[in-house]
Amino acid sequence: MSEKKTIRIVKKGEKNRPVVKVQRNTARETARDMVETVTNWVNEFQQRRRNETTNALRILSKTPRGSEA
């Protein structure tokens, strides 16, 4: 078998990249993020529904009714 060795070229003046530490969320933080996301979805849905209802009532109020004509 042939073993391939990795070769890294370092240019003059090149510095190593800083290592970025990954922040691990605790279970509580993860749960809080999920709850916040779902809460935002529910609020957006409710707001959209309110706007649709308001627009429908405006349209209905402008439309003449057949029984009143």
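Thresholds applied
Residues numbered from 1 in each chain as written. Predicted model: local features only at pLDDT ≥ 70, side-chain atom pairs only at ≥ 80, totals over all residues. Heavy atoms only, no water. Helix = DSSP H or I, 4+ residues; strand = E, 2+ residues; numbered from the N terminus. Rg over C-alpha atoms; globule rule 2.2 N^0.38 Å. Buried < 20%, exposed > 50% of the residue type's maximum accessible area, 1.4 Å probe, protein only. Lys, Arg positive; Asp, Glu negative; His and termini not counted. Charge placed at Lys NZ, Arg CZ, Asp CG, Glu CD. Patch = residues over 30% accessible without salt bridge, like charges linked within 9 Å, V, L, I, M, F, W, Y side chains within 5 Å. Areas by Shrake-Rupley, 256 points an atom, 1.4 Å probe, with all protein chains shown as cover. Salt bridge = Lys/Arg side-chain N within 4 Å of Asp/Glu carboxyl O.

Student: Quick question: what am I supposed to make of the overall build of the protein here?
Tutor: Regarding its fold elements, the protein presents 1 helix and 0 strands. Rg of the C-alpha trace for the protein: 30 Å, well past the compact-globule value of 11 Å for 69 residues, more than 25% over. Residues classed as buried in the protein amount to 0% of the 69 residues present. Positive and negative side-chain charges of the protein, numbering 17 and 8 respectively, have mean locations separated by a distance of 8 Å.

Student: Looking at this structure, how should I read a nonpolar patch on the surface?
Tutor: Together, Val-38, Trp-41 and Val-42 make up a nonpolar patch on the protein surface, roughly 300 Å² of accessible area in all. In this fold, Val-42 is placed in helix α1 (residues 27-62).

Student: Would you take a moment to explain the environment of Arg-28 for this structure?
Tutor: Here Arg-28 is to be found in helix α1. For Arg-28, a relative accessible area of 65% gives the class exposed.

Student: Any chance you could explain the environment of Lys-5 here in plain terms?
Tutor: Tracing the backbone shows Lys-5 in the segment before α1. The sequence separation of Lys-5 and Thr-39 amounts to 34 residues, and the corresponding C-alpha distance is 52 Å.

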